[in-house]
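Residue strings, one per chain:
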Amino acid sequence: EAQVTQNPRYLITVTGKKLTVTCSQNMNHEYMSWYRQDPGLGLRQIYYSMNVEVTDKGDVPEGYKVSRKEKRNFPLILESPSPNQTSLYFCARAGGPRGAQYFGPGTRLLVL
Amino acid sequence: AQKITQTQPGMFVQEKEAVTLDCTYDTSDPSYGLFWYKQPSSGEMIFLIYQGSYDQQNATEGRYSLNFQKARKSANLVISASQLGDSAMYFCAMRGGMDSNYQLIWGAGTKLIIKP
């Protein structure tokens, strides 16, 4: 079964403490992406990756880093989290019909 | 610029009735794709249905169908015989033309509540 997994699912942290949210897919798809979802703002893309070692900024990349050292993993890194990064984060992979994206279960992050 | 508009912030529908969720889009690309996703209260995003701009027929997936009216730039989701489990947020999204890769543009969503 094709899956996108994210860890952790829930995270409470404090301002400035570096954190990493992992994302992994088991279908060898090239495209992966990170989104954040905030009430009233919908889904906004943070970063995406077309393939290994190929990443690019989405609409809201400030304060985030990503890496794509291997095809299956696409971690999201917050070097110095701030309260405005409190959000619901989704990792997604493409590969469905005509480019449909399939999402991980989401990570709820609270930055105090 | 490409844009997706969902004009219904929320809807209440009686169980077993059909539901139409509105989505209009704006793009100058001749080639594009339209998607609908469901987000239940548990939070996951679930892909429901896809319609390509060149598809001759409206897409259907079980109880879901897409009423695609290209000239009006609308791609409404129709849910037949609604069930309590259909209560969720629904998002319309669009992928642009050949150069857009897999990037999606999202609507603000519609919250659907099915009443028993």
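A brief look at the structure comes next. (Residues numbered from 1 in each chain as written. Chains lettered and ligands numbered in written order. Predicted model: local features only at pLDDT ≥ 70, side-chain atom pairs only at ≥ 80, totals over all residues. Heavy atoms only, no water.)

Taken as a whole and judged by the stated rule, the model has 2 disulfides over all chains. Shown here is the disulfide that connects A:Cys23 with A:Cys91, its sulfur atoms set 1.8 Å apart. Here the disulfide of A:Cys23 and A:Cys91 is left-handed, its torsion about the S-S bond being about -70 degrees. One end of the pair, A:Cys23, is in strand S3 (residues 19–25); the other, A:Cys91, is in strand S9 (residues 87–94), with 68 residues separating them in the sequence. Per residue, the accessibility class of A:Cys23 equals that of A:Cys91, and both read buried. The disulfide partner of B:Cys23 is B:Cys92, and the S-S distance across this bridge is 2.0 Å. Disulfide B:Cys23-B:Cys92: torsion about the S-S bond near -65 degrees, hence left-handed. Here B:Cys23, found in the loop between strand S3 (19–21) and strand S4 (24–26), pairs with B:Cys92, found in strand S10 (residues 88–95); they are 69 residues apart in sequence, far enough to count as distant. Among the residues examined, B:Cys23 registers a relative accessible area of 0% and is labelled buried. In this structure B:Cys92 comes out as buried when scored by relative accessible area, which is 0%. (Disulfide = S-S within 2.5 Å. Helix = DSSP H or I, 4+ residues; strand = E, 2+ residues; numbered from the N terminus. Buried < 20%, exposed > 50% of the residue type's maximum accessible area, 1.4 Å probe, protein only.)

Glancing now at the sheet that holds strand S1 (residues 4–7) of chain A. Residue and element names in this part refer to chain A. Within the open sheet, the 4 strands sit side by side as S1-S3-S8-S7. Their pairing is antiparallel. One side of each edge strand has no neighbouring strand; the edge strands of this open sheet are S1 and strand S7 (65–66). Looking at chain direction, S1 and S3 are connected through 4 bridges and run antiparallel. From the neighbouring strand, Val4 faces S3, where its bridge partner is Gln25. (Pairing = 2+ DSSP bridges.)

What tends to happen in soluble globular proteins is that the nonpolar side chains get buried as a cluster. Ranked by internal contacts, the top residues of the largest apolar core, which has 25 residues, are B:Trp36, B:Leu77 and B:Tyr90. Among the elements of the structure, strand S2 (10–14), S3, strand S5 (33–39), strand S6 (46–52), strand S8 (64–69), strand S9 (74–79), S10 and strand S12 (110–115) of chain B are those that each provide at least two residues to this core. The element best represented in this core is S10(B), accounting for 4 residues. In contact with B:Leu77, not counting residues within four places along its chain, are B:Val19, B:Thr20, B:Leu21, B:Trp36, B:Leu48, B:Ile49, B:Tyr64, B:Ser65 and B:Tyr90. By size, the runner-up hydrophobic cluster in this structure holds 18 residues, among which are A:Val4, A:Tyr47, A:Phe74 and A:Tyr89. (Core = buried A, V, L, I, M, F, W, Y, C linked by side-chain atoms within 4.5 Å. Contact = heavy atoms within 4.5 Å.)

Moving on: the packing of aromatic side chains. The tally for this structure, following the rule as stated, stands at 15 aromatic pairs over all chains. Geometrically, the ring pair formed by A:Tyr31 and A:Tyr48 is stacked, given 5.9 Å between the ring centres and 25 degrees between the ring planes. Here A:Tyr31, found in the loop between S3 and strand S4 (32–38), pairs with A:Tyr48, found in strand S5 (residues 42–51); they are 17 residues apart in sequence, far enough to count as distant. Pair check on accessibility: A:Tyr31 and A:Tyr48 agree, each one buried. The interplanar angle of 80 degrees and the centroid separation of 6.4 Å between the aromatic rings of B:Phe91 and B:Trp106 together place this pair among those described as edge-to-face. With B:Phe91 in strand S10 and B:Trp106 in strand S11 (residues 104–106), this residue pair connects regions lying 15 residues apart in the sequence. (Phe/Tyr/Trp six-rings, centres within 6.5 Å; stacked < 30°, edge-to-face > 60°.)

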